[in-house]
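So you can see what is in the structure, the chains are spelled out below.
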Amino acid sequence: MNDPDTTARNRYFAMVGARLLGVAGALLGLVLIARADATVPKAIGTALVISALLLIAIVPRALARRWRTPPQP
């Protein structure tokens, strides 16, 4: 079976990976905003930054809540 320490480590890496993907998406959006000349690419970059910031804020917390140890009776 799975070792509880291994499971906890893998879950931690999943939460950190979600945060890193959000940071990468936000940086990509900022690059799009900075290099765009037209309005449409700037709007896409802005949407990417906003969605990446939401990913950073929501996904790790949701994963932690989902994987939380149930209280002992």
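All values derive from a computational prediction rather than experimental measurement.

## A few points about the overall build of the protein chain
A count of helical and extended segments in the protein chain gives two helices and zero strands. Overall size of the protein chain, expressed as C-alpha extent along the three principal axes, is 60 × 25 × 15 Å. A total of 73 residues make up the protein chain; the buried ones form 16% of that total. Accessible surface, the protein chain: about 5,900 Å² in total, of which carbon and sulfur atoms supply 67%.

## Looking at the packing of aromatic side chains
The full count for this structure, using the stated rule, is one aromatic pair. With a centroid separation of 6.1 Å and 50 degrees between ring planes, the pair formed by Y12 and F13 is classed as tilted. Under the relative-accessibility criterion, Y12 is labelled partly exposed at 49%. Residue F13 is classed as exposed on the basis of its relative accessible area of 51%.

Cut-offs used in this document
- Along every chain, residues carry numbers that run from 1 in the direction the sequence is written.
- Predicted model: local features are reported for residues with pLDDT of at least 70 only, side-chain atom pairs are reported and counted for 80 or more only, and whole-chain, interface and lining totals are derived from all residues.
- Calculated side-chain values reflect all of the structure's heavy atoms, with hydrogen atoms and water omitted.
- Secondary structure elements follow DSSP: runs of H or I no shorter than four residues count as helices, runs of E no shorter than two count as strands, and numbering proceeds from the N terminus.
- Exposure is judged per residue with a 1.4 Å probe applied to protein chains only, and the accessible area is read against the type maximum: over 50% gives exposed, under 20% gives buried, and values in between give partly exposed.
- Computed by Shrake-Rupley with a 1.4 Å probe, the accessible areas treat only the displayed protein chains as cover when residues are assessed.
- When the centres of two rings from Phe, Tyr and Trp lie within 6.5 Å, Trp using its six-membered ring, the rings pair. Their planes under 30 degrees apart give stacked, over 60 give edge-to-face, and anything left gives tilted.

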